[in-house]
Amino acid sequence: MHERYPNLYKRARCATRLTQEGAAELLDISVESIKQYEGGRRVPPDEVVARMVEVYRLPWHSGRVRAARSGDADAGEPTTRRCRPVDGADDDCRGRSHR
């Protein structure tokens, strides 16, 4: 996935300032699963997405996921949020420039 357009699941986690380890614990899944979802190598099952919506508490996340799964052409990533440097977040949320 291009660094300029981070994965939707990664954006949601970064926006809530959770580490991959913290998110995995709250979602009751493995860190490896988080990495695969965020890296675009696997699509999370609906029940994991539902837990992400609850844990991350981001209303745009549920709508974007539904639209992306239905094949909606306007289901692109939101452009108003980007992973930003935050204390305690993974390196993948910290220090990358999004030009």
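Look a little higher up for the structure.
Quick caveat, the model's predicted, so the values are computed rather than measured.

Caption draft 1: Structural view of the side chain of Q20. Tracing the chain through its elements places Q20 in helix α2 (residues 20–27). Assessed through its relative accessible area of 9%, Q20 is described here as buried. Here E38 takes part through its side chain, which lies 2.9 Å from a polar atom of the side chain of Q20.

Caption draft 2: Structural view of the environment of R57. Structurally, R57 is set in the loop between α4 (46–56) and α5 (59–70). R57 sits 41 residues away from T16 along the chain, and the two C-alpha atoms are 8.0 Å apart.

Caption draft 3: Just the packing of α2 against α4, in detail. Where α2 contacts α4, the two axes come as close as 10 Å, and the packing angle between them is 115°. As far as their axial angle goes, α4 and α2 are roughly perpendicular. Of the two elements, α2 crosses α4, and the hand of that crossing is right-handed. Contacts between α2 and α4 involve A23, L26 and L27 on the former and, on the latter, R51, M52, V55 and Y56. Considering only residue class, the contact of α2 with α4 consists of six nonpolar, no polar and one charged.

Reading the values: the criteria
- All residue numbers refer to position in the chain's written sequence, counted from 1.
- Predicted model: local features are reported for residues with pLDDT of at least 70 only, side-chain atom pairs are reported and counted for 80 or more only, and whole-chain, interface and lining totals are derived from all residues.
- The side-chain values count all of the structure's non-hydrogen atoms but skip hydrogen atoms and water molecules.
- Where helices and strands are cited, they refer to DSSP runs of H or I of at least four residues and of E of at least two residues respectively, numbered from the N terminus.
- Note on exposure labels: buried denotes an accessible area under 20% of the residue type's maximum, exposed denotes more than 50%, and partly exposed covers the range between, all computed with a 1.4 Å probe on protein chains only.
- Polar contact criterion, stated in full: a pair of N or O atoms within 3.5 Å, where within protein one must be able to donate a hydrogen and the other to accept it, and residues adjacent in sequence count only if both atoms are side-chain atoms.
- Here the axes come from fitting lines to C-alpha atoms, over the contacting stretch only for helices, and the angles between their N-to-C directions go from 0 to 180 degrees.
- Put simply, angles under 35 degrees are roughly parallel, angles over 145 are roughly antiparallel, angles from 65 to 115 are roughly perpendicular, and the rest are oblique.
- Whether a crossing is left-handed or right-handed is set by the direction in which the near helix is turned from the far one by less than a right angle, anticlockwise for left-handed and clockwise for right-handed.
- The contact criterion used throughout is that any non-hydrogen atoms of two residues lie within 4.5 Å.
- By the convention adopted, Pro, Cys, Tyr, Trp, Phe, Met, Ile, Leu, Val and Ala count as nonpolar, Lys, Arg, Asp and Glu as charged, and the other residues, Gly among them, as polar.

In short, shape yes, function no, at least from these values alone.
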